[in-house]
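Geometric and topological summary
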Amino acid sequence: MLKLTGTFIDEITHDIPSQNWGETEWRREFKLYKQIGIDTVIIIRASYQDKCIFPVKSGGDFLPLRDDLAQMFLDLAGEVGLDLYWGTFDSGVYWYRNTWWKEVEFNKRLLDEVGEKYTSHPAFKGWYLCHETGSNSSHIIELFNYIGGHCKQIRDLPLLISPFPMGSKQFAQGATFTLEESLDHWDKIFEATHEVVDTCAFQDGQIQYRELPEFLQGVKALGDKHGITIWSNVESFDRDMPIKFPPADFRYLNLKMEAASKTAEKIITFEFAHFLSPFSSYPSAHNMFRRYCERHGLDADSVIAAASG
Amino acid sequence: MLKLTGTFIDEITHDIPSQNWGETEWRREFKLYKQIGIDTVIIIRASYQDKCIFPVKSGGDFLPLRDDLAQMFLDLAGEVGLDLYWGTFDSGVYWYRNTWWKEVEFNKRLLDEVGEKYTSHPAFKGWYLCHETGSNSSHIIELFNYIGGHCKQIRDLPLLISPFPMGSKQFAQGATFTLEESLDHWDKIFEATHEVVDTCAFQDGQIQYRELPEFLQGVKALGDKHGITIWSNVESFDRDMPIKFPPADFRYLNLKMEAASKTAEKIITFEFAHFLSPFSSYPSAHNMFRRYCERHGLDADSVIAAASG
Amino acid sequence: MLKLTGTFIDEITHDIPSQNWGETEWRREFKLYKQIGIDTVIIIRASYQDKCIFPVKSGGDFLPLRDDLAQMFLDLAGEVGLDLYWGTFDSGVYWYRNTWWKEVEFNKRLLDEVGEKYTSHPAFKGWYLCHETGSNSSHIIELFNYIGGHCKQIRDLPLLISPFPMGSKQFAQGATFTLEESLDHWDKIFEATHEVVDTCAFQDGQIQYRELPEFLQGVKALGDKHGITIWSNVESFDRDMPIKFPPADFRYLNLKMEAASKTAEKIITFEFAHFLSPFSSYPSAHNMFRRYCERHGLDADSVIAAASG
C-alpha cells in the first residue's frame, strides 16, 4: 500500500479554520513531513477573494496584509528538502459569475508577479490549478488551458489539478452524477486539456466509500487514455459529521488509501496539517497520526521528537 | 446524589466525530472507568449502514473493514472488570423506510453471528436495543419484541433501551409532545414490550432543563407499573450550541444528575469518552472531568495517573 | 497600535460552548490578563433565559443553580487588580416579543438584587448593557435609557454598550445596512441615549474587513458629536467558517486591530478566554496567543509561566 507522500497547505482558508501557525510551527511540520516520506507540499490557492498569501504589488483590491507566506513556505521547503507546487488564484468573484475571461486575466496578472518573485526559488517545482470542478461546466476547459498555459509560459513545470466526483455526500439528489456521467465529462475535459494538465488527483470524499474503487479505476483508465498521470487526493477530514469538518476516522481513511493504492501513482491529502498532524489543533488528528504510523511501520514518538528537535 | 456508573461507547459514529483511539487509548479509558466507579460500558450499536465494528462473515453489503473492535472492547472490559452491553444493528435503510420486518431479519442474521463469536465472552453481560424512538411509531413495539426476543434466545441477559423525549430542543413546534402525550405513548410501549425490555434509560437532552424533573418522575411511575427498571441516560454533550455537539456545561450536567438521582436506579451517559474524559479530544471535557471529580469527591489527578500508568 | 486591554467574559453562554473552568482556571486566566495589560473584564450578561450566573433570590423562573460566578469573578478581579463591568439581564423572552417594558421591569428587579449583593465590591467598576442591536429598532432607546438609568441610580458608574454593524457576514442581502444607514440610525440612538451611555464599543465581525476602516471612522465622528467615548470590540473569533465559531486567523485580527487603533480609545474583545488564551479549550487559540505576543513584544512563555505559577 502506498503511503501519503504529498499534502496540500491551506493558508488562504476557504472553509477550514486557521491554526495560527507561525514559522516555528511550519518548520516543525515540514521537518515531520520529511521524516515520514512526504516529499511534496501544494499550496491550495495563493488568494481567495480579497485575501492573498503574499503582499500583492500588481494591483487589485487586496487587503493590506503584510505576511509573505509564499516566501516562508518556499524557504522552509527548500531548507527541509520538499517540492512545492504553487496554487493559482481564485477571485471568488469572476468565476462564480461565469465571467471566466476575467478570472483568466486576474490570474495572468498575479502569475506574472509570481514569476518575478517566486518561480526561480529552488523549491518551486510545480503548478496547481485551484479551480475545482466536478463536471464539464463553468468554462473549466478554458480556465485550465488559459491559466495553465500561462503558468507554463512563466515556468514549464508539472501541472496538477484536483477535481471532485459529483457524489451524494456533497450534492443533493438530482445533482449527483452516475459513474458513467462523471467519466463522460472527464473524458471530454481531459481530451481538451491534456496538453496543459500533467497530473490529476481526484478528491475522494464526496462519494460513498463503497463507490470509490470503481470510480478510481474509471479515472485511471481515462488518465491512461489521455496521457495524464493519476494521483489520488485522499481526504483526511470527515464529510459525514454535523461539524464541518473534523479529522477522519482512520478506519475509513485506511480503506480509501487501500483503494487509491490500486490506481494512483502517488497519494496526496487535503490536508495533513489540520487533520493528520501530531501538531494539529484537532487532538483527534494526533491520534489518527498514531494509527497512521502503526499501519505504515513508522515510530510516531521518534518522528515527532525528530521534528520537534 | 448518584454518580455516573455506566457509559455508552460510540465507535460506529452516527454524528460524533471519531477520536481515533486504538487499544492503548481504550485500555487507559477503561482503567479510568474502573477507578471512578463506572462498571458498565454499552456499545451504542454494532453497525450503522454499511459500517460494522467487526468483520462481518454472514453476508450483507458491509465495507471491508478489518478491525474487530467488538473483540477489543470485550477483552478490555474483561481485563479491567467492566460489564459490557452489546448494541444491536441499525441498517440505516429498512427501518427508515418502514420495512421493519427487514430490519428484524437483518438483525437476526447478524445477532446469530454475534452469538457464535462473542456472547460467551465473560464480559458480555447484557443487550442494548439500538433503535431509538420518542413515540409509539415506526413499529417500535415489533422491533423491540422481535429483535429483543432474538437477543434473549441467543443469551438470556438483561436488555436495555434508551429512548428520547419528544422535546423542544430537538423537535420543531408541532412535533413536540406534552408530558401527558409522552407518558401515554410509553405506557403503551412498556405494556407491549415489558416481557423483553428489562431496563429503560431515557435520554434527557431533548427537553428543557426545567421540564426534566416532572418527566423523569412520570417515566419512573411507568417503570414501576410495568416492572421495568428505570435508569437515566444523562447526556454529557450540549444540544444548545451551534456546534453539534460539544461537551456540556457542568452546571447543567450536575442539575440533570440531581434530577435523575431522585428517580433512577443507575445513571449512565452518552458518552464519557468524548465529553467527560480527561483523555478526550475535546479539551473542555478535561475541565468538566475536574468539575465532576470535585463534585463527587474524587481526586482527578490520582485517578488520571492510575489510569495512565 | 493599541493592545487589547479588555475582554468580555461569557459564562452565560448564548452560542459559545462552555470550557468548564472553575476557580483555579479563572484565577490563572485573570493573572494572565494582568500580565499582558488587560485591565478590564466585562460580564457579557448576568442571565439568559432561565439561567443566571448567581443564585437568584428575587423570584422569576430561574433554574436552581448554586454557583455564584458573580462573586467569584468579582473576588478574582479584586485579587488580581482588574476592573469588572457588570452585564445586565437578557430574559430571552420579553425583548424578543417586543414587550420591552417587561424586559425593563425584569432587569430592574434583578438589578436591585445586584445592588444589594455585588455593587459595593471594590472591583465593581462599570455597567454593560447586554441588549445588542444594529439599528434603531426593538425599542432599543427605551431599553438603554430605562435599564441604564436604573443601573446608574444603583451605582453611578461608567456604562458601556457594544452594538453591531448590520453587515453582510451576518445578515442576508436586503437586511444589511449601508454605511450611511448605519450612521443615520446610530446618530439617532446616540442623540437619545447619550445621557446614560458613556462608552460604545462596536462589534466588528459582521462587516467585510475592507469595509471596517470607514465604518469605524463614521462611528468615531458620531461619538465625538454626542460626547460618547469610542472603544472597539475586536472580535477574536471567526465568522467566515462553517464551524460557528472557531478562533480567528491572527492575520485578520491584526488587520482589525490596526483599523481600530486609529479611532478607538481602548480595544476590548469578545472574548479572550475561548479564542485567544493560551489556556483555551481551542488549541488554535494557543497559537494565536503566540502570534499576538510576537506582534506586541510580549514573551509568551514567561507570561504563561507567571500566570500558571
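Sequence order as written defines residue numbering, which begins from 1 separately in each chain. Key to labels: chains lettered from A, ligands numbered from 1, both in the order written. Local features are withheld for residues below a pLDDT of 70 in this predicted model, meaning they are given only at 70 or higher, and side-chain atom pairs are given and counted only at 80 or more; totals for whole chains, interfaces and linings count all residues. Working from all heavy atoms in the structure, the side-chain values ignore hydrogens and water.

A closer look at helix α7 (residues 250-261) of chain A
Selection rule: Strands here mean DSSP runs of E at least two residues long; helices mean DSSP runs of H or I at least four residues long; both are numbered from the N terminus. Given the number of residues in a helix, its expected span is that number minus one, multiplied by 1.5 Å. Only protein chains enter the accessibility calculation, which uses a 1.4 Å probe; a residue whose area is less than 20% of its type maximum is buried, one above 50% is exposed, and one in between is partly exposed.
Relative to the 16 Å expected for 12 residues at 1.5 Å per residue, α7(A) spans 16 Å between its end C-alpha atoms, a close match to the ideal helical length. Burial analysis of α7(A) places 11 of its 12 residues in the buried class, which makes it a mostly covered element.

Some details on the relation of the copies chain B and chain A
Filter applied, for reference: Least squares is used to superpose the copies, and the fit set is the C-alpha atoms of residues whose pLDDT is at least 70 in both copies.
With an RMSD of 0.0 Å, the operation that places chain B on chain A is a rotation of 120° combined with a shift of 0.0 Å along the axis. What we have between these two chains is a three-fold relation. Taking C-alpha positions as reference, the residue of chain B nearest the rotation axis is B:Ile243, located at 3.8 Å.

Considerations on the packing of helix α5 (residues 179-193) of chain C against helix α6 (residues 212-226) of chain C
All names here are of chain C. Our working definition: Only the stretch in contact is used when a helix axis is fitted, and all axes are lines through C-alpha atoms; the angle between N-to-C directions ranges over 0 to 180 degrees. Roughly parallel covers angles under 35 degrees, roughly antiparallel covers those over 145, roughly perpendicular covers 65 to 115, and oblique covers all other angles. Left-handed is the label given to a crossing in which the near helix is rotated counterclockwise from the far helix by less than a right angle, and right-handed is the label when the rotation is clockwise. Contacts are assigned to residue pairs that have any heavy atoms within 4.5 Å of one another. Each residue receives one of three labels: charged for Asp, Glu, Lys and Arg, nonpolar for Ala, Val, Leu, Ile, Met, Phe, Trp, Tyr, Cys and Pro, and polar for the others, Gly being one of them.
For the pair α5 and α6, interaxial distance at closest approach is 10 Å and the crossing angle is 25°. Comparing the axis directions of α5 and α6 gives the class roughly parallel. With respect to the hand of their crossing, α5 and α6 are arranged in right-handed fashion. Contact residues: α5 offers Leu179, Ser182, Leu183, Trp186, Asp187, Phe190 and Glu191, while α6 offers Glu214, Phe215, Gly218, Val219, Leu222, Gly223, Lys225 and His226. Considering only residue class, the contact of α5 with α6 consists of seven nonpolar, four polar and four charged.

With respect to the sheet that holds strand β10 (residues 229-233) of chain B
Residues and elements named next belong to chain B. Spelled out, the test is: Only when DSSP finds a minimum of two bridges between them are two strands counted as paired.
The eight strands are arranged β1-β2-β5-β7-β8-β9-β10-β11 in a closed barrel whose pairing can be described as parallel. Shown here is a sheet whose adjacent strand axes are inclined to one another by a mean of 30°, direction ignored. The pairing of strand β8 (residues 159-161) with strand β9 (residues 199-203) spans two bridges and is parallel. Among the inter-strand pairings, Leu160 is bridged to a residue of β9, identified as Thr199. Of the strands in this sheet, β1 (4-9), β2 (40-43), β5 (83-87) and β7 (124-128) are in contact with helix α2 (residues 69-80), which crosses β5 at around 160°.

Some remarks on helix α6 (residues 212-226) of chain B
Residues and elements named next belong to chain B. Operational definition: Directions pointing from the helix axis toward each C-beta atom define the arc.
Here α6 spans 21 Å end to end across 15 residues, near enough to the 21 Å set by a 1.5 Å rise per residue. Within α6, burial applies to Leu212, Phe215, Leu216, Gly218, Val219, Leu222, Gly223 and His226. Seen end-on, α6 carries its buried residues on one side only, within an arc spanning 160°. Those residues of α6 that are exposed and aimed more than 90 degrees away from the buried face are Glu214, Asp224 and Lys225. Buried-residue contacts for α6 involve α5 (179-193), β9, β10 and α7 (250-261). Phi turns positive one or two residues past the end of α6, at Gly227, with a value near 70°.

A word on the interface of chain B and chain A
Size of an interface, as often reported, equals the accessible area lost when the parts are brought together. Definition in use: Buried area: the accessible area, evaluated with a 1.4 Å probe, that two parts lose upon being put together, summed over both parts. The term salt bridge refers to a pairing of a side-chain nitrogen on Lys or Arg with a carboxyl oxygen on Asp or Glu at a separation within 4 Å.
With 27 residues of chain B at the interface, the matching set in chain A holds 21 residues. Taken together, both faces of the contact between chain B and chain A bury some 2000 Å²; the carbon and sulfur share is 54%. Here chain B is connected to chain A by four salt bridges. The shortest N-O distance in the salt bridge between B:Arg66 and A:Glu258 comes to 2.7 Å. Split by residue class, the side of chain B that touches chain A holds 12 nonpolar, seven polar and eight charged.

Concerning the relation of the copies chain C and chain A
Relating one copy of the chain to the other requires a rotation about an axis plus a shift along that axis. At an RMSD of 0.0 Å, chain C and chain A line up after a rotation of 120° and a shift of 0.0 Å along the axis. Looking at the interface residues of chain C, only 10% of them are also at the interface in chain A, so each copy uses its own face.

Describing the interface of chain C and chain A
What counts here: By the criterion applied in these results, polar contacts are pairs of N or O atoms within 3.5 Å in which, for protein atoms, one can donate a hydrogen and the other can accept it, and in which residues neighboring in sequence qualify only through two side-chain atoms.
Taken together, the contact between chain C and chain A spans 21 residues of the former and 27 residues of the latter. By the criterion of area lost to chain A, the three top residues of chain C are C:Met241, C:Ile243 and C:Arg251, representing 29% of everything that side buries. Linking chain C with chain A are four salt bridges, by the criterion used here. For A:Glu25, the salt bridge goes to C:Arg291, with nearest N and O atoms at 3.2 Å. For the pair chain C and chain A, the interface holds 11 residue pairs in polar contact (both at pLDDT 80 or more). If you list the elements that add at least two residues to the side of chain C that touches chain A, you get α7 (250-261) and α9 (283-295) of chain C. Per-element tally for the side of chain C that touches chain A: the top contributor is α9(C), with seven residues. Grouping the constituent residues of the side of chain C that touches chain A by class yields 11 nonpolar, two polar and eight charged.

Observations concerning the nonpolar core
Most often, soluble globular proteins keep nonpolar side chains buried together rather than apart. Residues and elements named next belong to chain C. The following threshold applies: Nonpolar cores were defined as sets of buried Ala, Val, Leu, Ile, Met, Phe, Trp, Tyr and Cys residues, with membership established by side-chain atoms within 4.5 Å.
Ranked by internal contacts, the top residues of the largest apolar core, which has 94 residues, are Phe30, Phe54, Trp86 and Phe89. Of the residues forming this core, the biggest block, eight residues, is contributed by helix α2 (residues 69-80). Once you skip the residues sitting within four places of it in the chain, Phe89 turns out to touch Ala46, Ser47, Cys52, Phe54, Glu103, Phe106, Asn107, Leu110, Leu111, Val114, Cys130 and His131.

With respect to the environment of C:Leu4
All names here are of chain C. Locating Leu4 in the fold gives a position in strand β1 (residues 4-9). Each C-alpha atom of the pair Leu4 and Ser232 lies 9.7 Å from the other, and the pair is 228 residues apart in sequence. The contact partners of Leu4, leaving out residues within four places of it in the chain, are Ile36, Gly37, Ile38, Met257, Ile267, Ile268, Thr269, Phe272, Leu276 and Tyr292.

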